Amino acid sequence: MTADMSGPLRITTTAAIQVWTIDLPHVGNAITDDGFIAAFEAAVHAVNADNAIRAVILTGEGKIFSAGGNVKEMADRQGMFGLEPLDQRRAYLDGIQRIPRALERLEVPLIAAVNGAAVGAGCDLAMMCDIRIASDRASFAESFVQVGLIPGDGGTWFLPRAVGYARAAEMTLTGDRIDAATAAEWGMVSRVVPHEDLLAEAQALAERITKNPAHVLRMAKRLLQESRTGSLESTLGMAAAMQPLAHRDAEHERRISRWRS
């Protein structure tokens, strides 16, 4: 294991897997600070440029996955929260909304290992991931309305795709918190595991993913992303363009060689 970077996003690499840990426990692992957002974008760029990395695990330091925004800064009208409306609109576009845009560019599978509360933008961050595994101590809340706000980071796009419109509406319009068991029942997470086993379970899943060829994993993820918004015809066209590349890949040749007569 190598420690690649410390700071608001701590990164460690083991073979083909990176673990990204939100390391801001003193502010509930809030993700609205520009330093964190810049580190997040840099991590995405670095992974995309490194074909040796085949999967990423995202988790939080301490007892919280992420509390989303820094509520103290909101209350004190600090930073972007003290701006005039037109300037604040630009601050959202150039701030927190850089995270979903960055993750839309991330080429490898991203697994959320949700270790505790995922609240507001923290809940949305988990929904932006490809796969979610929850600790039995985890909880989820699309809590913006309870502090008089709306999801400003793309939550109304990601949450319905994770749990369906009706349940997303319930969470968004009440702000109520759900526990890990309910999240599993709703399909929000793949499974719930004992807290002490969370990272090991996420690591084991990542290892199963990384046994597969790097280029094929990246293309398969791109197709999954396309299927969320594209038509069947566009998805079929992209698959037809990508598949010949896979057929010519050395890993494909190696893996089918045992069937040659």
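Thresholds, definitions, all that
Residues numbered from 1 in each chain as written. Predicted model: local features only at pLDDT ≥ 70, side-chain atom pairs only at ≥ 80, totals over all residues. Heavy atoms only, no water. Salt bridge = Lys/Arg side-chain N within 4 Å of Asp/Glu carboxyl O. Helix = DSSP H or I, 4+ residues; strand = E, 2+ residues; numbered from the N terminus. Buried < 20%, exposed > 50% of the residue type's maximum accessible area, 1.4 Å probe, protein only. Core = buried A, V, L, I, M, F, W, Y, C linked by side-chain atoms within 4.5 Å. Contact = heavy atoms within 4.5 Å. Phe/Tyr/Trp six-rings, centres within 6.5 Å; stacked < 30°, edge-to-face > 60°. Lys NZ or Arg CZ within 6 Å of the ring centre and 35° of its normal. Domains from an automatic or database assignment. Buried area = accessible area lost by both parts, 1.4 Å probe. Polar contact = N/O pair within 3.5 Å; in protein donor to acceptor, adjacent residues only side chain to side chain. Expected span 1.5 Å × (residues − 1). Pairing = 2+ DSSP bridges. Right-handed = clockwise from strand over helix to strand, strands pointing away.

> What is the right way to read the pattern of salt bridges from this model?
Proximity of charged atoms lets side chains of opposite charge pair with each other. Within the structure shown, the criterion is met by 11 salt bridges. With its nearest N and O atoms 2.6 Å apart, the salt bridge here joins E41 to R98. Of this pair, E41 sits in helix α1 (residues 34-48) while R98 sits in helix α4 (residues 98-105); the two residues are 57 residues apart in sequence, bridging distant segments of the chain. Overall, the relative accessible area of 17% leaves R98 in the buried class. Connected via shared salt-bridge partners are R10, D23 and E61.

> How should I be thinking about the nonpolar core in this particular structure?
For soluble globular proteins, nonpolar side chains are generally found buried alongside one another. Grouped together as the largest cluster of nonpolar side chains are 50 residues, with contacts concentrated most on W20, F40, I99, L125, F140 and M188. Sort the elements by how many residues they give to this core and α1 lands first, with seven residues. Not counting chain neighbours up to four residues away, the residues in contact with F40 comprise L9, W20, L58, I99, L103 and L125. By size, the runner-up hydrophobic cluster in this structure holds 14 residues, among which are A55, A113, I133 and L205.

> Sorry if this is basic, but what is going on with the packing of aromatic side chains here?
The relative placement of two aromatic rings is captured by the distance of their centres and the angle of their planes. Counted under the stated rule, the structure contains three aromatic pairs. On the numbers, 5.0 Å between centres and 70° between planes, the contact of W157 with F158 is edge-to-face. An aromatic cluster of at least three residues, connected via ring pairs, comprises W20, F36 and F40. R161 extends its terminal NZ or CZ atom over the ring of W157, reaching a point 3.7 Å from the ring centre.

> So what exactly am I meant to see when it comes to unusual backbone geometry here?
In most cases, non-glycine residues show a negative phi, while peptide bonds are predominantly trans. Positive phi values are uncommon outside glycine, yet A15 reaches one of about 55°. With respect to the element layout, A15 can be found in the loop between β2 (9-14) and β3 (17-22). The backbone of N29 shows a phi angle near 55°, a positive value even though the residue is not glycine.

> Please explain the domain arrangement of the chain as it appears in this structure.
Accessible area lost upon the coming together of the parts is a frequently used measure of interface size. Domain parsing of the chain yields domain 1 (7-209) and domain 2 (212-257). Summed over both sides, the interface of domain 1 with domain 2 buries roughly 1200 Å², with 39% coming from carbon and sulfur. Viewed at the interface, domain 2 and domain 1 are joined by three salt bridges. The partner of E107 in a salt bridge is R218, with the nearest N and O atoms 2.8 Å apart. Summed over the shared surface of domain 1 and domain 2, the number is 12 residue pairs in polar contact (both at pLDDT 80 or more).

> Help me understand helix α10 (residues 214-229), please; the structure alone is not making it clear to me.
Given 3.6 residues per helical turn, the α-helix brings residues three or four places apart onto the same face. With 16 residues, α10 extends 24 Å between its outermost C-alpha atoms, agreeing within 8% with the 22 Å of an ideal straight helix rising 1.5 Å per residue. All buried positions along α10 are accounted for by A214, L217, R218, M219, K221, Q225 and E226. On its buried face, α10 is in contact with α1, α4, β6 (110-114), α9 (198-210) and α11 (232-247).

> Is there a simple way to explain the environment of V114 in this structure?
Structurally, V114 can be placed in strand β6. Between the alpha carbons of V114 and N29 there is a distance of 12 Å; along the sequence they are 85 residues apart. When neighbours within four sequence positions are excluded, V114 is seen to be in contact with F65, A126, I133, A134, S135, A138, F140 and L198.

> For this particular structure, what's the right way to read the pairing of strand β4 (residues 55-60)?
The side chains of a regular strand alternate, first on one face of the sheet and then on the other. Buried residues dominate β4, accounting for six of its six residues. Two strands pair when backbone bridges link them, and β3 and β4 are joined in this way by six bridges, in the parallel orientation. In the sheet register, Q18 faces β4, and the bridge partner there is V56. The β-α-β motif built from β3, the intervening α1 and the parallel element β4 has right-handed crossover chirality.

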